[in-house]
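Given next are the chains, with one letter for each unit.
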Amino acid sequence: MNLATKIIFFLLCILLLFMGGFTYFVLRWQHAQFGKSTHHYSIILGEAISGSIATEMESGRSDKVQGALERIGQSSHHVRSLRIFDPQGSILRSANPSEVGKRIDPVDLRSHLNHVSTPFEHQKDGEPLVSFIKPFPNGSQCQRCHDPKEEIIGFLDLDISVK
């Protein structure tokens, strides 16, 4: 090989290394941005759903909550789980009606309750998820139907796929 060929080969290797490194950092940055947007999306969606549920409950239309959760669960391919459970972990309402009346796994319940109102990442059945848990405090308007001694009457549990 002559000197010109060696120089061109060397420059080509440098260019490929630079492009590979740049691509790696851009992909890492995009992945981080996607994670942030998923967390933000879970907060916005969770707050909107909990506000709608609170309005339905305060209006005496608690029977509408189950149907609303089912519609949301069916209409969004990113929502993997949407349910309301009581402080003891019994599922009261769910986008998946077969879950109603069952209990949340005690390990999952403890983990979820450690992250109330803060999105957190975890895996379920090998799928990466972002979860958002929102408590329903027992306000004065709730005490028409709920025991005033209870501080929290339930939790909204929202799981969103990160895929």
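In what follows, the accompanying structure is described. Starting afresh in each chain, residues are numbered from 1 along the sequence in its written order. Only residues with pLDDT of 70 or above have their local features reported here, since the model is predicted, and side-chain atom pairs are shown and tallied only from 80 upward, although totals for entire chains, interfaces and linings are computed over all residues. Note that water and hydrogens are dropped before the side-chain values are worked out from all heavy atoms of the structure.

1. A few points about the side chain of aspartate 159
- One can find aspartate 159 in strand S5 (residues 152-161).
- A distance of 2.2 Å separates a polar atom in the side chain of aspartate 159 from a polar atom in the side chain of serine 131.
- Whether two residues are in contact is decided by their heavy atoms: any pair within 4.5 Å suffices. Look past the residues within four positions of aspartate 159 in its chain and what remains in contact with it is His78, Val79, Arg80, Ser81, His112, His122, Leu129, Val130 and Ser131. Strands are runs of DSSP state E lasting at least two residues, helices are runs of H or I lasting at least four, and both sets are numbered from the N terminus onward. Under the rule applied, a polar contact is a pair of N or O atoms within 3.5 Å (in protein, one hydrogen donor and one hydrogen acceptor; residues adjacent in sequence only if both atoms are side-chain atoms).

2. Let's talk about the state of the cysteines
- In this description, the term disulfide denotes a pair of cysteine sulfurs within 2.5 Å. Evaluated as defined, the whole model comprises 0 disulfides.
- Free of any disulfide, cysteine 145 has its nearest cysteine sulfur in cysteine 142, 8.7 Å distant.

3. Section: the pattern of salt bridges
- Throughout this description, the term salt bridge denotes a Lys or Arg side-chain nitrogen within 4 Å of a carboxyl oxygen of Asp or Glu. Within this structure, the stated rule accounts for 5 salt bridges.
- Across the pair glutamate 47 and lysine 134 runs a salt bridge whose closest N-O atoms are separated by 3.3 Å. Here lysine 134 lies in strand S4 (residues 127-137) and glutamate 47 lies in helix H1 (residues 3-58), a separation of 87 residues in the sequence.
- The partner of glutamate 99 in a salt bridge is arginine 83, and the shortest N-O contact between them spans 3.2 Å. Of this pair, glutamate 99 sits in the loop between strand S2 (91-94) and helix H3 (106-113) while arginine 83 sits in strand S1 (residues 79-85), and the two are 16 residues apart along the sequence.
- Under the scheme applied here, a residue whose accessible area is under 20% of the maximum for its type counts as buried, over 50% as exposed, and between as partly exposed, the area being computed with a 1.4 Å probe on protein chains only. Residue glutamate 99 is classed as buried on the basis of its relative accessible area of 16%.
- One connected set of salt bridges, linked through shared partners, spans Arg83, Glu99 and Asp157.

4. Let's talk about the pairing of S1
- In terms of residue burial, S1 counts as a mostly covered element, since 6 of its 7 residues are buried.
- When DSSP locates at least two bridges between a pair of strands, those strands are taken to pair. Across 6 bridges, S1 lies against S5 in antiparallel orientation. By the bridge assignment, leucine 82 is partnered in S5 with leucine 158.
- Pairing analysis gives 3 bridges linking S1 to S2, with the strands arranged antiparallel. Each residue of the ladder has a partner; that of isoleucine 84, found in S2, is arginine 93.
- Hairpin geometry of S1 and S2 is characterised by an intervening segment of 5 residues between the two adjacent antiparallel strands and by a positive phi of about 100 degrees at glycine 89.

5. A look at a nonpolar patch on the surface
- A cluster of nonpolar side chains, namely Leu12, Leu15, Leu16, Phe18, Met19 and Phe22, defines an oily patch on the protein surface of about 650 Å² accessible area.
- Locating methionine 19 in the fold gives a position in helix H1. Here a patch means residues that are over 30% exposed by relative accessible area and free of salt bridges, tied together within 9 Å if like-charged and within 5 Å if nonpolar (Val, Leu, Ile, Met, Phe, Trp, Tyr). Reported accessibility uses the Shrake-Rupley method at a 1.4 Å probe radius. Residues are deemed covered only where the shown protein chains occlude them.

6. Looking at the nonpolar core
- Nonpolar core, defined: a set of buried Ala, Val, Leu, Ile, Met, Phe, Trp, Tyr and Cys residues in which side-chain atoms within 4.5 Å join the residues together. Judged by nonpolar contacts, the single largest core of 15 residues is most densely connected at Ile49, Ile53, Leu69, Leu82, Ile84 and Leu156.
- At the level of secondary structure, the elements contributing two or more residues to this core comprise H1, helix H2 (63-75), S1 and S5.
- For this core, the element with the most residues is S5, which contributes 4 residues.
- Contact partners of leucine 82, with chain neighbours within four places excluded, come to Ile49, Leu69, Ile72, Ser94, Ala95, Leu156, Asp157 and Leu158.
- In terms of nonpolar packing, the next biggest core, distinct from the first, is built from 7 residues, Phe85, Ile91, Phe120 and Ile133 among them.

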